[in-house]
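Tertiary structure, described
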Amino acid sequence: MRRFTSFNLVALVFGLAFLYLPILILIIYSFNASRIVTVWGGFSTRWYVELMHNESILDAAWVTLRVGLLSASVATVLGTLAALALVRGGRFWGRTLFSGMVFAPLVMPEVITGLSLLLLFVAINFDRGFWTVTIAHITFSMCFVAVVVQSRLLSFDRSLEEAALDLGATPVKTFFAVTLPLIAPAVIAGWMLAFSLSLDDLVIASFTTGPGATTLPMKIYSQVRRGVTPEINAVCTILVALVTLGVLTASILGKARSPARTP
Amino acid sequence: MAKMLGPVRRAFQPWNDPSQPPFIEFRNVTKRFGDFTAVDNQSITVYEREFYALLGPSGCGKTTLLRMLAGFEEPSEGEIFLDGRPLTGVPPHKRPVNMMFQSYALFPHMNVADNIAFGLKQEGMAKADIAVRVEEMLRLVKLQDFARRKPAQLSGGQQQRVALARALAKRPKVLLLDEPLGALDKKLREETQFELTDLQESLGLTFLIVTHDQEEAMTMADRIAVMDHGRVIQVATPAVIYEAPASRYIADFVGDVNIFEGRIAHLENGGLTMTTAAGFTVEVAEMPQGVARPQAGETIWFAIRPEKMVISHERPPNATTNVIEGEVWDIGYLGDVSIYNIKLDSGDVVRATRLNASREVERPLTWEDRVFLSWRPDAGTVLVR
């Protein structure tokens, strides 16, 4: 292994600082006692306390949580099924098209996804609100689940399933007794990822939401336009902590040694 | 009494008994994958309690045959029968056969006992009965102390035994073994080969094994079907396969062999004399069986195994046929036997082996010695293909 040269070290420090310094400052200032965001007035958790009494922010957080839990769960089921179809379906008719369509939302600009969903909901006269945001989140997060689960399935030893069938398990029983437990880390990682994505989505939610279904990112965005308050810093810090936790868990589970391979 | 090829372990020869019904029958089975024909219109008959080996190089279609019997593949044409019943359309989980996989395919998230119990649970067997059967299977494969271990905590040999126990737990009518010993080292493999044969005999099961290892097939099987390019080219007992192979391909695939091309000089008393391209004369006591009688002048091949030739420094007295002269070119000392590569004056290299029966030899063979190789008229066999 190559040792760190001083140039590498400097590059690394600047790179990480560029990425994380703003977030770090945000976290620090969320513990600021002063009302003026840019002036440090000593350590305090008063903004977190105040946050707990801010009805509108709490409402938004509750909406976000519900949307996240529901959309992540549905996206996980759909994404896992899509991954199974892609890996296991063999060369069914339209496979290339299907795989392209599953993965297109990964690279699709959010504005386009949001706008097209909005047009769809308007066209079918669907009342916009909690359900439309949830459906929109399912749409864009299921492809991430599909990618994660697919990579796990590709390294899966098919003879394990054949062994289960051979021993008399029905195909359905085989899926739940053998396949699912072995791809579970990827499925959970996919759920975490979908949940994190839903939690911090602003663009798609803005397009598809309606009255009474303001998500936390939308709330923050609208408040910031009226000036940054320390309260917002506190909310953001909590969000950063949640997303970090989700992404970390997802990557740890994803990297966990694949038990599908017999050593 | 008729002359026998090789040892006769027991009088178990259902294939010679016309009244014996077939247990497993592949009837004109063809399997195609796209343009590739893996199995080409083959009919195979296996009898109850037989240990039957499908032997061949990779890609010869042997595994496809096994997978069709297990139900993982359906034949493109033809039918498979088990105990008189057609298996067409029966899904794998409803077939009374169990398979031991090449990769063992142990469920990594279950411990040894749960792996063995898996098939029994699917049957809906009572919990207490499952426990008894699992205990019995663990004893059978000598893994009583490992019931709570996960497969990853076992050695390759132990995993192989768990796989065997799991496949046997349901008392299947037929056990299918797909290269079962491939991952084991040589010593363990030899031990396991004998254990498997003993087990098969004591349980009275029908075993169908797929292997590319001729030694494995020879040690264990009652009969071997040698396959090549989707076809079975000879079905016979190990001794017949070795001593009377049906073609040059089989002679070469199973064991070491020297093959000489030549022409028939004349035929006499059921035997023949041939002149080889290398310039010596071979006298063969017996004509090959089951082929049309060859004519004088026809091209044939003479095959002789290395251990059936005698190496000597002096020309055997009165010998004019079945003797060749050459120079020791290479020596391989294997401990129990030594392999000698003898270069003939024609440039051909012939392989002969000699048992190292004593520890010291008065005049050992060494490099560049002039030696004679000789053999009895019944030591080799004539091949027409």
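Because the structure is predicted, anything quoted here is derived from the model rather than measured.

Regarding the UniProt feature "transmembrane region" (unreviewed entry) in chain A
Residue and element names in this part refer to chain A. Under the UniProt annotation, the feature "transmembrane region" (unreviewed entry) is placed at residues 7-31, 60-86, 98-124, 130-154, 175-197 and 232-253. Secondary structure content for residues 60-86 is 100% helix and 0% strand, and the end C-alpha separation is 37 Å. Structurally, residues 130-154 comprises 100% helix and 0% strand, and the distance from its first C-alpha atom to its last is 36 Å.

Digging into the packing of aromatic side chains
Applying the stated rule across the entire model yields 13 aromatic pairs over all chains. Each ring, one from A:Phe121 and one from A:Phe126, has its centre 5.7 Å from the other, and the planes form 65°; the classification is edge-to-face. Look at A:Phe126 and you get partly exposed, because its relative accessible area is 32%. With 6.0 Å between their ring centres and 10° between their planes, B:Tyr249 and B:Phe253 make a pair best called stacked. Taken as a pair, B:Tyr249 and B:Phe253 lie in helix H8 (residues 248-253) at a separation of 4 residues, close to a single helical turn. Grouped by ring-pair contacts, the aromatic residues B:Phe260, B:Phe280, B:Phe302 and B:Trp375 constitute a single cluster. For A:Arg46, the ring lying beneath its charged end belongs to A:Trp47, and the centroid distance is 4.0 Å. A cation over a ring is seen here: B:Lys343 above B:Trp329, with NZ or CZ 4.0 Å from the ring centre.

Digging into the nonpolar core
Ranked by internal contacts, the top residues of the largest apolar core, which has 75 residues, are B:Leu54, B:Phe107, B:Phe118 and B:Leu176. Among the elements that make up this core, the one with the highest residue count is helix H8 (residues 171-199) of chain A (8 residues). Apart from residues no more than four positions distant in its own chain, B:Leu176 is found in contact with B:Leu66, B:Leu69, B:Ala70, B:Val97, B:Asn98, B:Met99, B:Met100 and B:Leu208. In this structure, B:Met137, B:Leu175, B:Met220 and B:Val226 belong to the second largest nonpolar core, which totals 46 residues.

Regarding the pairing of strand E10 (residues 231-236) of chain B
Residues and elements named next belong to chain B. Pairing of strand E9 (residues 223-228) with E10, which is carried by 5 bridges, proceeds in the antiparallel orientation. Paired with Val-226 across the strands is Gln-234, a residue of E10. In textbook terms, the turn of a hairpin is the stretch between consecutive antiparallel strands, and for E9 and E10 this stretch comprises 2 residues, one of which, His-229, has a positive phi near 50°.

Looking at the side chain of A:Thr215
All names here are of chain A. Mapping Thr-215 onto the fold places it in the loop between helix H9 (203-208) and helix H10 (216-224). The class of Thr-215 is buried, set by a relative accessible area of 3%. Non-local contacts of Thr-215, meaning those with residues more than four positions away in its chain, are made with Ala-60, Val-63, Thr-64, Val-133, Asp-201 and Ala-205.

Reading guide: rules and limits
Residues numbered from 1 in each chain as written. Chains lettered and ligands numbered in written order. Predicted model: local features only at pLDDT ≥ 70, side-chain atom pairs only at ≥ 80, totals over all residues. Heavy atoms only, no water. UniProt positions renumbered as here; feature names shortened; annotations may be inferred. Helix = DSSP H or I, 4+ residues; strand = E, 2+ residues; numbered from the N terminus. Phe/Tyr/Trp six-rings, centres within 6.5 Å; stacked < 30°, edge-to-face > 60°. Buried < 20%, exposed > 50% of the residue type's maximum accessible area, 1.4 Å probe, protein only. Lys NZ or Arg CZ within 6 Å of the ring centre and 35° of its normal. Core = buried A, V, L, I, M, F, W, Y, C linked by side-chain atoms within 4.5 Å. Contact = heavy atoms within 4.5 Å. Pairing = 2+ DSSP bridges.

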